[in-house]
Amino acid sequence: MDPSARNRLAILAVRTVNWGSRVTRRGSGTVAGGRIGLQLSPKLLSALARGRTTIVVSGTNGKTTTTAMVAAGWGGDVTTNATGANMPAGHVAALVESSYANAALEVDEAWLPEVVREVGPAVVVLLNLSRDQLDRANEVRQMAERWRRCLSTESGFRGTVVANANDPLVVYAAMGATNVRWCDIPTRWMADAKSCPRCTLAVHYQVSTWSCTCGFAKPTTLSTTLHDGLTVDGVDVPLELSIPGAFNEANAALAITALDEVGVSPLDAVQRINAVRAVAGRFTLRQWNGHTLHLLLAKNPSGFDALLSTVEDDDADVWVAINARIADGRDPSWLYDVPFEKLRGHRVWCLGDRRLDLATRLDYGGVAFEVVNDVDRIPASPEPVALLANYTAFSEWLARSTPC
Amino acid sequence: MAREVNTVLTIATLLPDLLGTYGDGGNGLVLAQRARQRGVHALLVPVELGQEIPEASIYLLGGGEDGPQRLACDLLSKSSFKQRVDNGATVVAVCAGLQILGHSFSVEGNDRYQGLGLVDVETTRGTSRSVGELCARVGDRTLVGFENHGGHTTLGPGISPFGQVLRGRGNDGAVDGYRTGRIWATYAHGPVLALNPWLADLVLESVLGYELEPMQSVADQLYAERCAALSPR
């Protein structure tokens, strides 16, 4: 079979399987079809991406939100994998579903090299890199090394990297690329880059910069800065997000820079991004069983650290739900890397498959807790309650609750 | 039971910026809190890159990636650590920490690196990485934890393993870790002392020199749950 006929057959198969999956309600229809399409035609992703302008987004935290910001900020019709299916089967499904010329794709960290090779994106956005699901990814420094290889001039990548200049692991990964736009955005979590990604000696952090004795240091040519306000290539951009969190301002700064690179004016992009109110159920109030829940997703230590800093400094109850299924990483050891001590003064209701691991962590951290074996027995609270959940626990609570 | 009220128990976590990949810092927290709850004045000191190693009763070594593991070993070999261990300090080492204490270990590629030589063991690269639950029999107790490493550790004659592997790989599929004098080592990484409260108390008792009063906490429920989930029926 000639390649184009093979691709047409594969696309038909993707459509059929995804449609079948949706009408029989066996799935959301985004992964199964993509998988079969890739089996029928291994170069399908590459064929589907040809002729489009694609921005891909990867990193440990903020992928889904930043991708949603890129899609919204672009204006007009954009193909995107908004369901969070961020591996090639999900990309194939998204690109089969809609044929718009512009595509914003969220990419799992481990799959970035393959997706960059197949898709040939105009822009690769690198948000951050920190410990997450180590049972699957093993080592975060190896990930930086693999990113670096796939983005280097020698790899043939010709697009632009939009990179967080305050994350040494991201800088290490982006440094070998031909075109990089460095973004100076607030970055809280440094625990995974205390040792230099290049030489392993100590990275020295000062107020607004960092460096190692080997010469590896924060880039000085900055395209974007986010301090008191956002500036992209010398232009002040009025960033006023509708969704909370300093980390989301940083995500927006990267999205706007990526869009600038494909010709979207930052002043136009920011207006559309400011209007984004919810992303895949996140940042919204939900109702469940008489409770009003502020559902928040945090999957790893840096994500939890960022979210804990947004929890109000009052004595309100906080719910935390922890699972350790395959999509979460099966090892919950990371709970000891999360500064849960910030929750002292609150009472934490421990939910999820690994609620005893969480309760033990909180107990040693001097935080008051209740282990919830029966969710129906939690007393109703008049105020909205913050519910912090990791990946599969978040999905469960999203499915169980309804929008306010 | 008579006790020195003014004794300070210093617990030092060594190079958490290099060796602390899997929540290993939890072990120091658990030892300090369990000591405090028995009225012992415990001090928890993280010793970061560039800092001098203070005198301590217990030193903790965590797990780390290949490059940082090599650097940690170099820095510790040039520090007062070996002397302090020779002088009677207790060491609890997990994962990469377990490997560093031996004669040699292999990391990326198959290059061999000289370890600290405090224990007669050596680690080569295993044929595959071992990622998953680890369960071992230690005397009449059960150790539960999680391992994620590519090492194959061989114990020298006269070095006793810490436990017999019931599930997972440990050193070689048969035994896990080692126990020699004042050194405790296991491949169960991260907060192994949080998962195994009996082990935390055993370490504390060996340092304090007296039996601790039993204490009940949610950690006991966690231990029972993990044992039920992991033990072969």
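### Re the overall build of chain A
- A tally of regular secondary structure across chain A gives 14 helices and 18 strands.
- Compactness check: chain A gives a C-alpha radius of gyration of 21 Å against a globular reference of 22 Å for 404 residues, within 12% of the reference.
- In terms of principal-axis extent, the alpha carbons of chain A reach across some 60 × 60 × 40 Å.
- Within chain A, the fraction of its 404 residues that count as buried is 52%.
- Intrachain contacts of chain A at a sequence separation of at least 6 include 69% that bridge at least 24 residues.

### Some remarks on the confidence of the model for chain B
- On average, residues of chain B score 91 in pLDDT, and 95% of them reach the 70 mark or higher.
- The ipTM assigned to the predicted complex is 0.95, against a pTM of 0.81.

### Notes on the interface of chain A and chain B
- Between chain A and chain B, the residue contacts involve 23 residues of the former and 30 residues of the latter.
- Only helix H7 (134-137) and helix H13 (355-364) of chain A provide two or more residues apiece to the side of chain A that touches chain B.
- Per-element tally for the side of chain A that touches chain B: the top contributor is H13(A), with six residues.
- In terms of residue class, the side of chain A that touches chain B is built from nine nonpolar, five polar and nine charged.

### Some points on H13(A)
- Burial analysis of H13(A) places nine of its ten residues in the buried class, which makes it a mostly covered element.
- Taken together, the buried residues of H13(A) touch strand S14 (318-321), strand S15 (347-351) and strand S16 (368-371) of chain A together with helix H1 (26-36), helix H5 (192-195) and helix H7 (218-230) of chain B.
- Residue A:Gly366 follows H13(A) closely and has a positive phi angle near 75°.

### A closer look at the nonpolar core
All names here are of chain A.
- Core analysis: the biggest nonpolar cluster contains 192 residues, and Val125 and Ala163 have the highest contact counts within it.
- With nine residues, the single largest contributor to this core is helix H10 (residues 246-261).
- Ignoring anything within four residues of it in the chain, the contact list for alanine 163 reads Leu126, Val170, Val171, Ala174, Val180, Trp182 and Cys183.

### Some remarks on the sheet that holds strand S13 (residues 291-297) of chain A
All names here are of chain A.
- Read from one edge of the open sheet, seven strands run S16-S15-S14-S17-S13-S12-S18, paired in mixed fashion. The open sheet has two edge strands with one neighbour each: S16 and strand S18 (402-403).
- As defined by bridge partners, S14 adjoins strand S17 (residues 385-389) across four bridges and the pair is classed as parallel. Its bridge partner being in S17, alanine 321 is matched across the sheet by alanine 389.
- Strands S14, S15 and S16 of the sheet are contacted by H13, whose axis makes an angle of about 160° with S16.

### A short note on the domain arrangement of chain A
- By the assigned domains, chain A splits into domain 1 (1-42), domain 2 (43-274) and domain 3 (285-403).
- For domain 1 of chain A and domain 3 of chain A, the distance between their C-alpha centroids amounts to 37 Å.

### Section: the packing of H13(A) against H7(B)
- Contact pair H13(A) / H7(B): the axes reach a minimum separation of 9 Å and the direction vectors enclose 150°. By the angle between their directions, the pair H13(A) and H7(B) is classed as roughly antiparallel. Handedness of the H13(A)/H7(B) crossing: left-handed. Judged by residue contacts, A:Leu356, A:Asp357, A:Ala359, A:Thr360 and A:Asp363 of H13(A) engage B:Val218, B:Ala219, B:Gln221, B:Leu222 and B:Glu225 from H7(B).
- Of the residues assigned to the contact of H13(A) with H7(B), the class counts are five nonpolar, two polar and three charged.

### With respect to the sheet that holds strand S6 (residues 179-184) of chain A
Residues and elements named next belong to chain A.
- Across the sheet, which stays open at both edges, the nine strands sit in the order S2-S3-S1-S4-S5-S6-S9-S10-S11 with mixed pairing between neighbours. Edge positions in the sheet fall to strand S2 (79-80) and strand S11 (235-237), since each of these pairs with one other strand and no more.
- Relative to strand S3 (residues 102-106), strand S1 (residues 53-58) is paired through five bridges, and the arrangement is parallel. If you follow threonine 53 over to S3, its bridge partner there is asparagine 102.
- Sheet contacts for helix H4 (residues 63-74): S1, S2, S3 and strand S4 (123-126); angle to S3, the most-contacted strand, approximately 170°.
- The sheet contacts of helix H6 (residues 112-119) involve S1 and S4, and relative to S1 the element is tilted by about 175°.

### Examining helix H2 (residues 66-77) of chain B
- The end-to-end C-alpha distance of H2(B), which contains twelve residues, comes to 17 Å, matching closely the 16 Å that a straight helix rising 1.5 Å per residue would cover.
- Burial of H2(B) is extensive: nine of the twelve residues sit out of reach of the surface.

### Description of the environment of A:Gly176
Residue and element names in this part refer to chain A.
- Structurally, the position occupied by glycine 176 is in the loop between helix H9 (168-174) and S6.
- Here glycine 176 falls in the partly exposed class, since 18 other C-beta atoms lie within 10 Å of it.
- Residues glycine 176 and threonine 153, spaced 23 residues apart in sequence, show a C-alpha to C-alpha distance of 6.4 Å.
- For glycine 176, the residues in contact, after removing those within four places along its chain, are Arg148, Leu151, Ser152 and Thr153.

### Let's talk about the pairing of strand S9 (residues 222-226) of chain A
All names here are of chain A.
- Sheet topology note: the S6/S9 ladder contains three bridges and is parallel. The residue of S9 that forms the bridge with tryptophan 182 is leucine 222.
- Both S9 and strand S10 (residues 230-232) contribute to a ladder of three bridges, which runs antiparallel. The partner of leucine 226 across the bridge, within S10, is leucine 230.
- Hairpin geometry of S9 and S10 is characterised by an intervening segment of three residues between the two adjacent antiparallel strands.

### Some remarks on the environment of A:Val371
- For A:Val371, the position within the fold is in strand S16.
- Of the residues examined, A:Val371 has 17 C-beta atoms within 10 Å and is grouped as partly exposed.
- Spatially, the C-alpha atom of A:Val371 lies 35 Å from that of A:Ala68, the residues being 303 residues apart in sequence.
- If sequence neighbours within four positions are ignored, A:Val371 has contacts with A:Cys350, A:Arg355, A:Leu356, A:Ala359 and B:Val218.

Thresholds, definitions, all that
- Residues numbered from 1 in each chain as written.
- Chains lettered and ligands numbered in written order.
- Predicted model: local features only at pLDDT ≥ 70, side-chain atom pairs only at ≥ 80, totals over all residues.
- Helix = DSSP H or I, 4+ residues; strand = E, 2+ residues; numbered from the N terminus.
- Rg over C-alpha atoms; globule rule 2.2 N^0.38 Å.
- Buried ≥ 20, exposed ≤ 12 C-beta atoms within 10 Å, placed from the backbone.
- Contact = placed C-beta atoms within 7 Å.
- pLDDT = per-residue confidence, 0-100.
- Nonpolar A, V, L, I, M, F, W, Y, C, P; charged D, E, K, R; others polar.
- Core = buried A, V, L, I, M, F, W, Y, C linked by C-beta atoms within 7 Å.
- Pairing = 2+ DSSP bridges.
- Axes fitted to C-alpha atoms, helices over the stretch in contact; angles between N-to-C directions.
- Domains from an automatic or database assignment.
- Parallel < 35°, antiparallel > 145°, perpendicular 65-115°, else oblique.
- Left-handed = near helix turned anticlockwise from the far one by under 90°.
- Expected span 1.5 Å × (residues − 1).

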